[in-house]
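Summary of the model geometry
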Amino acid sequence: MLFRSDMDQGPIPEDEARRVLARIEDNHRKNRPGSIYHLCLAVTKRENPGFLLGWCGLDGTNGHELHIFYSIVPEYRGRGFATQAVRALLDYAFTQAGVPFVNGGCYKDNLASARVMEKSGMRPAGTSECGDPLYYLDRDTYLRDCASNPSAYTRAAAICASTSPHEQELTE
C-alpha cells in the first residue's frame, strides 16, 4: 500500500502506486556520485515490511539545492522513525553520495519536524518569506560532528545504502 506524499491524506489507488514507483525508480537512476537528482525511500518496520510507515528522501530536481523530505503516517509519529530516516539520509548523502550540503525546512507550526532536523544535526538557516524555519548541513560539519558520535548514524546509514529505493526499512 502506498500513500500520497502527505501521509495525512491516506493510501493511493494501485494503478497510481505503480506509476509512482516507476517514477521513483526512474529518478533513482539519475543519481550520480556527488549529485542526487531524487532519492525516495519507504519507511517500514522490520516485522511488517509490507506496511508503509512513511516516505523519506532527498530531492535535487531543481538542479542547485538538495532538500531533505520525510513524512510519517500520523499514528506512528513521535516514535523516532523520522529522526532515524533523516539521520540515515544525511549519512548516505555525505558519506556515500558525496554531496556538499543538504537543506531542509518545515512549516513554522510543525515543531516536531523542526526538532527532527535539529536532533539530526541540521543547523538553523533562517526563515522563508512566510516565516517557516529553514535548516542546512554541510558535509564538513557533518563529518566533524559525527566523528565524535557515529553510533547514532551507523545502522541507519547501512540500511539506506544497502537496498533499492523502494525496499528501504528503518526501524525504531
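Criteria and cut-off values
Residues numbered from 1 in each chain as written. Predicted model: local features only at pLDDT ≥ 70, side-chain atom pairs only at ≥ 80, totals over all residues. Heavy atoms only, no water. Helix = DSSP H or I, 4+ residues; strand = E, 2+ residues; numbered from the N terminus. Expected span 1.5 Å × (residues − 1). Buried < 20%, exposed > 50% of the residue type's maximum accessible area, 1.4 Å probe, protein only. Arc of directions from axis to C-beta. Contact = heavy atoms within 4.5 Å. Pairing = 2+ DSSP bridges. pLDDT = per-residue confidence, 0-100. Salt bridge = Lys/Arg side-chain N within 4 Å of Asp/Glu carboxyl O.

A separate point is helix H1 (residues 14-29). The end-to-end C-alpha distance of H1, which contains 16 residues, comes to 23 Å, matching closely the 22 Å that a straight helix rising 1.5 Å per residue would cover. Along H1, the residues that are buried comprise Ala17, Val20, Ile24 and Asn27. Angularly, the buried residues of H1 cover 90 degrees about the axis, an arc narrow enough to put them on a single face. The exposed set on the far side of H1, more than 90 degrees from its buried face, consists of Glu14, Arg18, Arg19 and Arg29. Of the surrounding secondary structure, the elements contacted by the buried residues of H1 are strand E1 (38-45) and strand E2 (48-59).

Looking at chain direction, strand E5 (residues 123-127) and strand E6 (residues 133-138) are connected through 3 bridges and run antiparallel. In the sheet register, Arg123 faces E6, and the bridge partner there is Tyr136. Counting the residues in the hairpin turn of E5 and E6 gives 5 residues, including Gly131, whose phi is positive at 90 degrees.

The next point concerns the confidence of the model for the protein. Mean pLDDT over the protein stands at 81; residues scoring 70 or higher make up 79%. Predicted confidence for residues 1-5 stays below pLDDT 50, and this span has 24 contacts to residues more than four positions away or in other chains. Below pLDDT 50 for its whole length, residues 154-172 participates in 50 contacts with residues either more than four positions away or in separate chains.

Under the counting rule described, the total for this entry stands at 7 salt bridges. In this structure, the salt-bridge partner of Arg123 is Asp145, at a minimum N-O distance of 2.2 Å. With Arg123 in strand E5 and Asp145 in helix H4 (residues 139-147), this residue pair connects regions lying 22 residues apart in the sequence. Under the relative-accessibility criterion, Arg123 is labelled partly exposed at 33%. The exposure class assigned to Asp145 is partly exposed, which follows from its relative accessible area of 28%. Taken together, the shared-partner salt bridges connect Arg123, Arg144 and Asp145 into one network.

This part is about helix H3 (residues 111-119). Three or more residues of H3 are buried, namely Ser113, Ala114, Val116 and Met117. All buried residues of H3 project into a common sector of 155 degrees when viewed along the axis, lining one side. Opposite the packed face of H3, turned more than 90 degrees from it, sit the exposed residues Leu111 and Ala112. In the segment just after H3, Gly121 is the residue with positive phi, at about 100 degrees.

On to the environment of Leu134, then. Relative to the assigned elements, Leu134 resides in strand E6. On the accessibility criterion, Leu134 (30% relative accessible area) is partly exposed. Separated by 27 residues in the primary sequence, Leu134 and Tyr107 have C-alpha atoms spaced 9.2 Å apart. In this structure, Leu134 is in contact with Gly104, Gly105, Arg123, Pro124, Ala125, Gly126, Thr127 and Ser128, ignoring residues within four places of it in sequence.

A separate point is the environment of Leu21. Along the chain, the position of Leu21 falls in helix H1. Note: C-alpha distance between Leu21 and Cys40 (19 residues apart in sequence) is 9.4 Å.

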